[in-house]
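Spelled out, the chains give:
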Amino acid sequence: MPQLIAGPIFSFLISSTAVATTLAGPLATALGYAVFAGGLYLASSVFSPEQPKVPKPDDGSYNLKQSVPSLAYVLGTAKKGSDYVFLEEKGGKAHHIMVWAGHRIHRFVQHYLHDEKATLNAEGGVTSPGNYDKDGVSFVHIKTRQGLNAETAYSDVVTAFPTIWNNNCRGDGLASVYMRVATVDQKDHLDVYPNGMPEHSAVGDGALLYDPRKDSTQGGSGSHRYNNPLTWEFSSNLALMRLWHLCHPVGGKMAYENMYLPDWQSAANVADQNVTNRSGAIEKRWHGGFWFRASNDPIEVGRIMDEAGEMVVYERADGKIGVHAGEFVTPDVRLEAKSIYSIRVDKNKRRANTVLGVRGRYVNTAKDFITEDAAIYGDPYAVVDDNTERTRTFDNAAIQSHNHCQRKQKLTFVRANARRVSVVAAYTADGVRDIPYRRFVTVHYPSRGLAEAVVEITSSVTIDLRNMRISFSGILVSSSLYAFNAATEEGEPGESVEPLPDEGVPVPTSFVPTIQTEVVSGGATAAFINATWTFVDDTLTYELEYDRTSGSTGVQSVFSEAGATQVRSGYLVDGEEYRVRLRAWGGGSKSEWTDYVLLTATADPVAPGPVTSVSVDVSTPSEAEFGWTAPNSSNYFACRIYINTVNDLGTATLAATEYGPPSATDLRVVTSLGAGTYYGWLLSINPSGVTGTAVPTGSYVVT
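About the cut-offs
- Residue numbers restart at each chain and count upward from 1, following the sequence in its written direction.
- Predicted model: local features are reported for residues with pLDDT of at least 70 only, side-chain atom pairs are reported and counted for 80 or more only, and whole-chain, interface and lining totals are derived from all residues.
- No hydrogens and no water enter the side-chain calculation; it runs on all heavy atoms of the structure.
- Following DSSP output, two strands are said to pair if at least two bridges run between them.
- Helix and strand definitions here come from DSSP, where helices need a minimum of 4 consecutive H or I residues and strands a minimum of 2 consecutive E residues; each element is numbered from the N-terminal end.
- Note on method: axes are straight lines fitted to C-alpha atoms, helices fitted across the in-contact stretch only, with angles between N-to-C directions ranging 0 to 180 degrees.
- With a 1.4 Å probe rolled over the protein chains alone, any residue whose accessible area is under 20% of its type maximum counts as buried; one over 50% counts as exposed, and the rest are partly exposed.
- Only Phe, Tyr and Trp rings take part, Trp by its six-membered ring, and two of them pair if their centres are within 6.5 Å. Stacked means planes under 30 degrees apart, edge-to-face means over 60, and tilted covers everything else.
- We count a charge as sitting over a ring when the NZ of a lysine or the CZ of an arginine lies within 6 Å of the ring centre and within 35 degrees of the ring normal.
- In this scheme, a helix's expected span is set at 1.5 Å multiplied by one less than its residue total.

Trainee: Explanation requested: the sheet that holds strand β39 (residues 612-617) in the structure shown.
Mentor: Through backbone hydrogen bonds, the strands of a sheet pair up, either in parallel or in antiparallel fashion. One open sheet accounts for three strands, arranged β39-β40-β43; its pairing is antiparallel. If you trace the sheet from one side to the other, it starts and ends with β39 and β43 (665-670), each paired once. Averaged over all adjacent pairs, the angle separating strand axes in this sheet is 15 degrees, with direction ignored. Two elements, β39 and strand β40 (residues 624-629), share four bridges in a ladder whose sense is antiparallel. From the neighbouring strand, S615 faces β40, where its bridge partner is G627.

Trainee: I would appreciate a short explanation of unusual backbone geometry in the present structure.
Mentor: Glycine aside, a negative phi is what most residues show, and trans is what most peptide bonds show. For the peptide bond that leads from S128 to P129, omega is 5 degrees, which places it in the cis range. Even without being glycine, D115 reaches a positive phi, approximately 65 degrees. Mapped onto the fold, D115 is located in the loop between β5 (107-113) and β6 (116-120). Owing to a relative accessible area of 44%, D115 belongs among the partly exposed residues under this scheme. Unlike most non-glycine residues, S613 shows phi in positive territory, near 55 degrees. Within the secondary structure, S613 is located in strand β39. With relative accessibility at 56%, the residue S613 sits in the exposed group.

Trainee: Help me understand the packing of aromatic side chains in this model?
Mentor: Two aromatic rings, taken as a pair, are described by how far apart their centres are and by the angle between their planes. What the rule picks out here adds up to 22 aromatic pairs. Aromatic side chains F328 and F440 sit 4.9 Å apart centroid to centroid with 55 degrees between the ring planes, which places their arrangement in the tilted category. One end of the pair, F328, is in the loop between β19 (321-324) and β20 (334-336); the other, F440, is in strand β27 (residues 440-445), with 112 residues separating them in the sequence. The same class applies to F328 as to F440, namely buried. Following the ring pairs from residue to residue traces out a cluster consisting of Y73, W244, F290 and F292. The ring of Y112 has K79 sitting right over it, with the charged end atom 4.6 Å from the ring centre. Directly above the ring of Y260 sits R316, whose terminal nitrogen or CZ lies 3.6 Å from the centroid.

Trainee: I keep staring at helix α8 (residues 298-309) and nothing clicks. Help me out?
Mentor: In an α-helix, one turn spans 3.6 residues, which is why side chains three or four residues apart end up on the same side. In a regular helix each residue adds 1.5 Å, so 12 residues correspond to 16 Å; α8 covers 17 Å between its end C-alpha atoms and thus fits that length. Among the 12 residues in α8, 11 count as buried, and that is most of the element. Within the sequence span of α8, burial applies to P298, I299, E300, V301, G302, I304, M305, D306, E307, A308 and G309. Where α8 ends, the next residue or the one after it, E310, has phi of about 55 degrees, a positive value.

In structure tokens form, the structure reads like this:
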């Protein structure tokens with residue numbers, strides 16, 4: 001026979017419902033059920049110090065370092081940091097091992113470093129963000145383990161620290177992340193690690209769940225077995241999460257044999273129903289995801305799932321644990337006026353109790369799992385009265401869809417403003433004894449305005465066997481309680497602030513390097529590079545890099561003053577070709593280089609005078625002797641001799657260069673010439689290679 005102990009204690013044990021309080025009733029003695037559910041479950045909740053609250057989604061954005069952290073559990077898909085179990089450095093590399101979840105998971109979906117999405121190559125090297133990959137070398141590597149029963153140790157750590165970490169350090173049953181961070185050159189440190197040591201977090205598909213619909217031994221179809229977790233699969237179905245939690249040591253500590261699985265199959269089917277959101281896309285009715293720690297109050301953890309999935313967990317008459325799914329069920333219990341001893345109807349029309357709008361918060365999976373405000377359901381400015389409860393806030397860590405949040409906001413709005421009913425009925429009336437196991441009942445009491453009214457039970461059901469009466473409270477609802485037209489009711493979610501990507505120090509623009517000269521000691525001139533660019537900010541300095549294209553002297557660089565728009569190089573080797581580029585520095589970090597610009601150093605741009613008295617002697621076979629008089633130019637350096645078989649200087653070949661002083665008579669013999677007619681040109685040059693006017697020799701015949 002059902003016991004007399006009322007349901008509020010029971011609500012500590014199993015469920016905090018989707019409505020105000022738990023639907024319980026004469027389900028078993030609280031003490032007996034507490035033992036049934038796993039021992040000191042009730043006592044720990046009531047008499048021990050308050051347990052930590054279930055973490056908010058945003059609480060997982062950092063990695064925890066403490067001696068013995070409480071294990072984390074992930075249901076559905078969630079983004080979170082990890083708990084450190086190893087952090088050592090050797091050979092310029094820091095080795096991090098972190099536990100992401102204290103159980104086997106389905107997979108890691110996306111890695112983040114400082115909340116930036118990371119892209120990995122086949123070896124686990126981070127290739128994006130690009131600052132972690134320099135010239136094809138990845139300075140950060142990430143590897144993972146899913147938490148199998150027999151895992152594999154991270155070989156890199158075993159190799160680096162064989163005395164403290166060996167192949168037995170596998171992390172069996174722990175989903176973990178290994179991150180190796182390499183040291184870089186000091187000048188590149190802020191470029192590669194602009195935010196310091198990378199802070200890792202990840203999005204992952206969490207625990208594998210038992211699905212009785214896929215168990216052929218429980219009326220389903222498939223290979224799932226509740227006593228063999230290796231047959232389970234990943235799911236974000238909230239009903240399956242709740243079933244897992246009731247039967248897990250961190251939850252209800254119950255056995256699957258004590259679950260009324262047909263109820264759970266029905267709840268899972270309801271959760272898997274398709275609904276259409278405001279954009280026309282299809283999503284599942286009651287799906288979600290969140291994470292918590294083993295130290296969190298299991299009552300609070302269960303409440304999150306019950307609330308998000310519109311579930312009510314209860315104990316059946318046969319002692320098994322069933323669940324009312326998140327759907328409207330036509331009542332099969334009907335109370336008539338003749339069976340009701342007393343009834344109280346509160347129309348709930350007081351302004352102070354009227355909720356004008358419901359604010360909601362949900363986890364936006366499309367925006368890196370940040371918590372956002374949903375559109376307000378209702379009109380909080382409809383009534384001007386300071387005594388009116390304008391809004392109520394709905395917040396649930398497991399909800400990951402705006403449509404899901406809006407549907408829950410509507411239910412919160414409807415229930416907050418619904419008429420309240422309290423009923424005391426005869427325990428001997430037809431069907432009354434089923435009330436403790438029902439969520440909806442029909443009450444027909446026309447004189448109080450209740451004609452075939454549907455009541456959703458929101459309190460514990462009390463049975464008084466001394467007076468043979470049963471009592472409960474609830475709210476009046478309609479059969480369309482769960483109806484929702486997304487096109488007209490969902491509303492448009494607000495915009496959330498998205499952090500702009502760090503673009504780093506800007507690459508210089510309008511970079512223009514030129515060769516300039518100046519007079520140095522002794523009256524000689526020297527060439528240097530003067531570079532200019534567009535001003536950006538007073539805090540930036542610029543580095544000009546230049547080196548010979550021949551590579552004979554190595555790279556040289558010079559820095560500008562802060563806020564300057566030009567910088568000059570040192571003196572250049574006259575006549576050599578240089579490649580030049582520029583980059584900016586700011587805050588210890590630097591930009592990318594500009595493209596190379598090729599320049600030729602010219603210390604003396606003034607051409608010498610032309611040579612005179614040009615002659616050619618071809619008396620010796622296969623040879624031509626060229627004669628000339630150097631110009632009276634102080635910057636004369638040498639004479640270049642060009643020859644061609646046609647009268648075209650543009651296609652002529654440089655045959656020889658003869659060095660000498662100004663005003664001197666000089667000559668040069670060119671040998672190994674084939675017989676034939678030739679044309680010659682003599683050009684004077686200065687030390688910078690600037691040529692004077694070409695003087696032709698005319699045609700000559702070599703024998």
